[in-house]
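Fold and contact review
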Amino acid sequence: MKKIYLTEPKRLEIREEPIPEPNDFEVLVKIAFCGICTLEQRLFDGERKIYYPIVPGHEASAVVVSVGKAVKTSVSVGDHVVLDLVNRCHVCPACLSGNSNLCENRFKKGQRVLGGFSQYMVVNPEQVQKIPSDFPLEHAAFTEPLSCCIRSLRKVKASLGDTILISGAGTMGLLHVKAALAMGVRVIVSDIDAVRLEDAKRMGADEVVDARNPEQFYETIMTITHGHGVDSCIITTVAVSAVESAVKVLAPAGILNIYTSYGNKPSLPVDMNTIHRNEFVITGSEGRTESDFYTAVRALSNRRVVVDDLVTRIYPMGQAQEAVEAALSGSTYRVLLDMEA
Ligand SMILES: [Zn+2]
Ligand SMILES: [Zn+2]
């Protein structure tokens, strides 16, 4: 079988290896599709480093090949599944307190990290969730990013009747839009790119706002919300000005969620009295728990969230280098690798 290694920044290498052997407590799967997420792009770029060589990929759909004798699971051979490829130790304080997305041991060396850019993979039973056999496997690869959006929307306590501003209309911004709409939220999307705003509108956003002119941005959102402001704002773009603008349109007791991560550690551009007087809550959102992932599996399986218009292109795994470069170009939504082709 073939496996794609990142051996140093900007260098992907396809290696031939034997199909791994699962033990009695593991499940062997054949990967179908794997998405190229921001994490893979940053690893490729060298902006983020875990270790080398590493097999990237954490947004994978698959088919079950074999199930260990001692495994307790509802999946059987031939089932279509999605993989939750984050490590959770289940014993650290973060795991025990229900924040397993922040597991202290999730990136420790010596354990399986990521790995979806591989034709076969051995995983633990809790990492495998079944999806309907007629659900497209390429769309199933969106389970992981959707689960991160679900966590993010839970962090801002999104609920029916709320108005939420999603700042940034890239893949993750738009996936937030879809999930928020499915939850009964009124969604405003802001971006500086007119084409992306049009796409957001087409995908169901209630309102779209051009973020290029801060004053106009403020006026428009205040008009839309009848002078009240938005209940919460989720930042999915790395532009610091987006945070500045968002705080100005937050309603009292509003929640600001920094969903994106930054390469350059900027400071929060907010004066502290504003936070004090308005009881603003500022949070981040990182990854997902098992529960967020399970919610995403069901939301996709039930077709509450439809992702087909977020797939820009599918590359055969042999063209991984081109695929990652295309993903990095900034003009795409999700780029996927077909691991069988
Ligand atoms: Zn991802
Ligand atoms: Zn843990």
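For every chain, the first residue of its written sequence is number 1, and the numbers climb from 1 along that sequence. Chain A is the first chain written and ligand 1 is the first ligand written, with later ones labelled in order. Under the rules for a predicted model, residues below a pLDDT of 70 receive no local features and side-chain atom pairs below 80 are neither given nor counted, while totals for whole chains, interfaces and linings still include all residues. Excluded from the side-chain calculations are hydrogens and water; all other atoms, namely the structure's heavy atoms, are used.

Turning next to the sheet that holds strand β12 (residues 250-258). On the basis of which strands lie adjacent, the open sheet formed by 6 strands has the order β10-β9-β8-β11-β12-β13 and parallel pairing. Here the strands that pair on one side only, and so sit at the sheet edges, are β10 (207-210) and β13 (281-284). Here the average twist between neighbouring strands, direction ignored, is 20°. Residue contacts are defined here by distance: any two heavy atoms, one from each residue, within 4.5 Å place the two residues in contact. Under this scheme, a helix contributes an axis fitted over its contacting stretch, all axes are lines through C-alpha atoms, and angles between N-to-C directions fall in the 0 to 180 degree range. Every helix listed is a DSSP run of H or I at least four residues long, and every strand listed is a run of E at least two residues long, numbered separately from the N terminus. Its contacts with the sheet place helix α6 (residues 194-202) against β9 (186-191) and β10, and it is angled at close to 170° to β10. The sheet strands contacting helix α7 (residues 214-224) are β8 (163-167), β9, β10 and β11 (230-235), and the helix crosses β10 at an angle near 160°. Strands pair, by our definition, only if DSSP identifies at least two bridges between them.

In this section: the coordination of the zinc ion (ligand 1). Counted as donors are the N, O and S atoms within 2.8 Å of the metal, or 3.2 Å for Na, K and Ca, while water is not among the atoms, so some sites may look incomplete. The protein atoms that coordinate the zinc ion (ligand 1) are C37 (SG), H58 (NE2), E59 (OE) and E144 (OE), at distances of 2.2 to 2.5 Å. Under this scheme a four-donor centre is tetrahedral when all angles range from 85 to 135 degrees, a four-donor centre is square planar and a six-donor centre octahedral when opposite donors are above 155 degrees with the rest from 65 to 115, and any other centre is irregular. One can describe the site at the zinc ion (ligand 1) as irregular: its 4 donor atoms subtend angles covering 85 to 168° at the metal. In primary-sequence terms, the residues that donate to the zinc ion (ligand 1) follow C-x20-H-E-x84-E. Here C37, found in the loop between β3 (27-35) and α1 (38-45), pairs with E59, found in the loop between α1 and β4 (60-67); they are 22 residues apart in sequence, far enough to count as distant. Each member of the pair C37 and E59 is classed as buried. Only protein chains enter the accessibility calculation, which uses a 1.4 Å probe. A residue is then buried if its area is under 20% of the maximum for its type, exposed if over 50%, and partly exposed in between.

Attention now goes to empty space enclosed by the protein. Put simply, the grid is 1 Å and covers the protein atoms alone, a cavity is a trapped set of points that fit a 1.4 Å probe, a pocket is an open set with protein on both sides within 12 Å along at least five of seven lines, and lining residues have an atom within 4 Å of a point. Grid points are joined across faces, edges and corners, and a volume is the space filled by probe spheres set on the points. In the structure shown here, the tally under the stated rule is 2 cavities of 30 Å³ or more. Estimated volume of the largest cavity: approximately 30 Å³. Along its surface, the largest cavity is lined by L85, N87, R112, L114, M121 and Q127. Computed from the structure, the second largest cavity encloses a volume of approximately 30 Å³.

What follows is about the environment of S76. By the element assignment, S76 lies in the loop between β4 and β5 (80-83). Judged by its relative accessible area of 39%, S76 is partly exposed. Separated by 60 residues in sequence, S76 and P136 have C-alpha atoms that sit 18 Å apart. When residues no more than four places from it in sequence are discounted, the contact partners of S76 are V64 and V67.

Turning next to helix α4 (residues 143-155). Expected helix span is taken as 1.5 Å per residue step, with the number of steps being one fewer than the number of residues. With 13 residues, α4 should reach 18 Å at 1.5 Å per residue; the first-to-last C-alpha distance of 18 Å fits that figure. Here α4 lies mainly inside the structure; 11 of its 13 residues are buried. Where α4 is concerned, the buried positions are T143, E144, P145, L146, S147, C148, C149, I150, R151, S152 and L153. Trailing α4 by a residue or two, K157 shows a phi angle of about 55°, which is positive.

This part takes up the side chain of R106. Mapped onto the elements of the fold, R106 is located in the loop between α2 (93-96) and β6 (120-123). Pairs of N or O atoms are called polar contacts if they sit within 3.5 Å, as long as, within protein, a hydrogen donor faces a hydrogen acceptor (for residues adjacent in sequence, only side-chain-to-side-chain pairs). At 3.4 Å, the side chain of R106 and the backbone oxygen of L102 are in polar contact. Separated by 3.2 Å, the side chains of R106 and E286 make a polar contact.

At the metal site, the zinc ion (ligand 2) is ligated by C89 (SG), C92 (SG), C95 (SG) and C103 (SG), and these contacts range over 2.3 to 2.4 Å. With 4 donor atoms in place around the zinc ion (ligand 2) and angles of 102 to 120° between them, the coordination shape is tetrahedral. Sequence spacing of the donor residues for the zinc ion (ligand 2), all on one chain, is C-x2-C-x2-C-x7-C. Of the two residues, C92 and C95, both sit in the buried class.

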